[in-house]
Amino acid sequence: MFENNVICKLLQIEYPIFQGGMAWIGTAELASAVSNAGGLGIIGAGHMPPELLRAEIQKCKGWTKKPFGVNVMLMSPYVKEVMQVVLEEKVPVVTTGAGNPGEYVPELKAIGSKVIPVVASVALAKRLVRSGADAVIAEGTESGGHIGEITTMALVPQVVDAVDVPVIAAGGIADARGVAAAFALGAKAVQMGSRFVMSEECIAHPNYKNLILKAKDRSTVVTGRTLGHPARVLHNKLTRKYQELEAAGAPAEELEKLGVGSLHRATHEGDVENGSVMIGEISGMLNDIKPVKTIIEDIVAGLPATIDAIREDLR
C-alpha cells in the first residue's frame with residue numbers, strides 16, 4: 001500500500017506511522033515493538049542521563065534490526081551529552097522538540113541520521129527546514145504532554161504549504177479515520193503517542209492506563225500556560241491544585257516545584273492523583289489495550305474502507 005510513500009522510502013520503513021517519543025514511557029520495549037511491526041519506534045530521551053539513553057538504544061538494537069529513532073528534548077540539561085551518545089550509536093532517525101537542533105544537524109547528517117524536528121507553528125517549521133531538517137512533525141494542540149496552541153486540522157495544511165520537505169501529522173490521531181484525515185491535509189505520515197501508550201508493550205503503570213480507559217472527550221486539561229510551557233494532561237488532584245495556584249498568581253518557582261517528578265510518579269509509581277497523566281484529547285476514544293502489532297495492523301487494514309467511504313460520500 002505504501003510502496004511509493006516518501007517517508008517510507010526516506011526511512012526504509014513499511015508503514016508511515018511514527019510512535020511519539022514520550023519521556024519515561026517511550027522506552028526500548030515500545031520503540032522496538034513499533035519498529036518490528038513496520039512503523040518507526042522512537043525512544044523518548046526526555047531528561048534521561050546520557051548513559052541511561054545509551055543503554056536504551058543498545059537494548060533497542062538488540063530487539064530490532066529495523067530503523068528506529070530517538071527523540072531529543074533540546075531543553076534537557078544533558079542535551080549535548082545526549083547528542084553525543086546519539087552520534088556514537090549512529091541512531092538512524094533523530095526527532096527533536098523544544099528548540100532548534102540546527103547546531104547538531106551537520107554532525108547528524110554526517111553519520112547518515114535523518115533529522116525530523118517537531119514543530120507547532122509555520123514559522124518554526126520554515127526555520128528548521130532552513131537548518132537542514134529532512135522532514136518535520138507538525139503537532140497540534142490536541143496532543144498529550146507539552147503542546148503548542150494551533151490545532152492539527154489548522155496546522156498541518158499550513159505547514160505543508162510552507163515547506164518543501166515531507167510533513168508528518170501529529171495530535172488527535174488514533175485510528176484509520178485520523179490517518180486518512182492527516183493524508184487529506186497533505187501529510188505524508190502520522191505520529192501517534194496516546195494510542196501507543198495504550199499498548200501492551202508500553203511500560204506505563206497499570207493505574208496510568210486504567211485512568212485513560214475511563215477518560216471522556218473533555219477529560220484533559222492544559223496546565224502551565226502562565227509559565228510558557230503548556231502541557232495537556234488528565235484532570236486530577238494535581239491539576240486542580242496547579243490551576244488554583246495559577247489562578248492565584250503563584251510565582252513560577254512554586255508552580256515548577258509542584259511539577260517536579262510528577263510524570264514519573266504517574267508513569268512508574270502509579271500515583272495518578274498526584275502525578276501528571278500526560279495524554280492527548282483523543283484519550284476519550286482509547287478504550288482498549290492491545291499489542292503494538294495489532295494497533296498498526298488494524299489501522300492499515302481499516303484505511304481502504306475509510307477511503308472508500310469518503311469516495312462514496314463525495315459522489
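Keep in mind the model is a prediction, meaning the values are calculated, not measured.

## Some thoughts on the overall build of the chain
Piece 1. Within the chain one finds 14 helices and 11 strands.
Piece 2. On C-alpha atoms alone, the chain measures out to a radius of gyration of 18 Å, which is about the 20 Å that the 2.2 N^0.38 rule sets for 315 residues.
Piece 3. C-alpha extents for the chain along the principal axes are approximately 55 × 50 × 40 Å.
Piece 4. Partitioning the contacts of the chain with sequence separation of at least 6, the portion at a separation of at least 24 is 61%.
Piece 5. Total accessible area on the chain stands at roughly 13,800 Å², and carbon and sulfur atoms take up 54% of it.

## Here's the deal with the pattern of salt bridges
Piece 1. Within the structure shown, the criterion is met by 16 salt bridges.
Piece 2. With its nearest N and O atoms 3.5 Å apart, the salt bridge here joins Lys109 to Asp134. Within this pair, whereas Lys109 is found in helix 5 (residues 105–110), its partner Asp134 is found in the loop between helix 6 (122–130) and strand 6 (136–139), the two being separated by 25 residues in sequence.
Piece 3. A relative accessible area of 38% means that Lys109 is categorised as partly exposed.

## Considering the packing of aromatic side chains
Piece 1. Under the counting rule described, the total for this entry stands at one aromatic pair.
Piece 2. For the ring pair Phe2 and Tyr15, a centre distance of 6.2 Å and an interplane angle of 80 degrees mean the geometry is edge-to-face. Remark: Tyr15 occurs in the loop between helix 1 (6–11) and strand 1 (17–19) and Phe2 occurs in the segment before helix 1; sequence separation between them is 13 residues.
Piece 3. Given the relative accessible area of 14%, Phe2 is considered buried.

## With respect to the sheet that holds strand 10 (residues 220–223)
Piece 1. Strand order in the open sheet made by the three strands is 7-11-10, with antiparallel pairing throughout. Strands with a single pairing partner mark the edges of an open sheet, and in this sheet they are strand 7 (145–146) and strand 10.
Piece 2. Two elements, strand 10 and strand 11 (residues 231–234), share four bridges in a ladder whose sense is antiparallel. Opposite Thr223, over in strand 11, you have Ala231 as the bridge partner.
Piece 3. Against the sheet, helix 11 (residues 237–247) engages strand 10 and strand 11, with an angle of about 40 degrees to strand 10.

## Observations concerning the pairing of strand 8 (residues 167–170)
Piece 1. Where burial is concerned, the two faces of strand 8 agree: the one with Val167 and Ala169 and the one with Ile168 and Ala170 are both buried.
Piece 2. The pairing of strand 6 with strand 8 spans four bridges and is classified as parallel. Along strand 8, the bridge assignment pairs Glu139 with Ala170.
Piece 3. By the bridge criterion, three bridges tie strand 8 to strand 9 (residues 189–192) in an arrangement that is parallel. Note on strand 9: the bridge partner recorded for Ile168 is Ala189.

## A closer look at the nonpolar core
Piece 1. Residues Ile17, Phe18, Phe196, Val197, Tyr208, Ile212 and Ile296 are the most contacted members of the largest nonpolar core, which totals 71 residues.
Piece 2. The dominant element in this core, judged by the number of residues it contributes, is helix 14 (residues 292–313), at six residues.
Piece 3. Once residues lying within four places of it in the same chain are set aside, the contact partners of Val197 are Met22, Ile25, Cys202, Tyr208, Lys209, Ile212 and Ile279.
Piece 4. Met48, Leu53, Val94 and Val115 belong to the second-largest nonpolar core, a separate cluster that totals 24 residues.

Conventions we followed
- Residues numbered from 1 in each chain as written.
- Predicted model: local features only at pLDDT ≥ 70, side-chain atom pairs only at ≥ 80, totals over all residues.
- Heavy atoms only, no water.
- Helix = DSSP H or I, 4+ residues; strand = E, 2+ residues; numbered from the N terminus.
- Rg over C-alpha atoms; globule rule 2.2 N^0.38 Å.
- Contact = heavy atoms within 4.5 Å.
- Areas by Shrake-Rupley, 256 points an atom, 1.4 Å probe, with all protein chains shown as cover.
- Salt bridge = Lys/Arg side-chain N within 4 Å of Asp/Glu carboxyl O.
- Buried < 20%, exposed > 50% of the residue type's maximum accessible area, 1.4 Å probe, protein only.
- Phe/Tyr/Trp six-rings, centres within 6.5 Å; stacked < 30°, edge-to-face > 60°.
- Pairing = 2+ DSSP bridges.
- Axes fitted to C-alpha atoms, helices over the stretch in contact; angles between N-to-C directions.
- Core = buried A, V, L, I, M, F, W, Y, C linked by side-chain atoms within 4.5 Å.

These results come straight from atomic positions and should not be treated as a statement about function.
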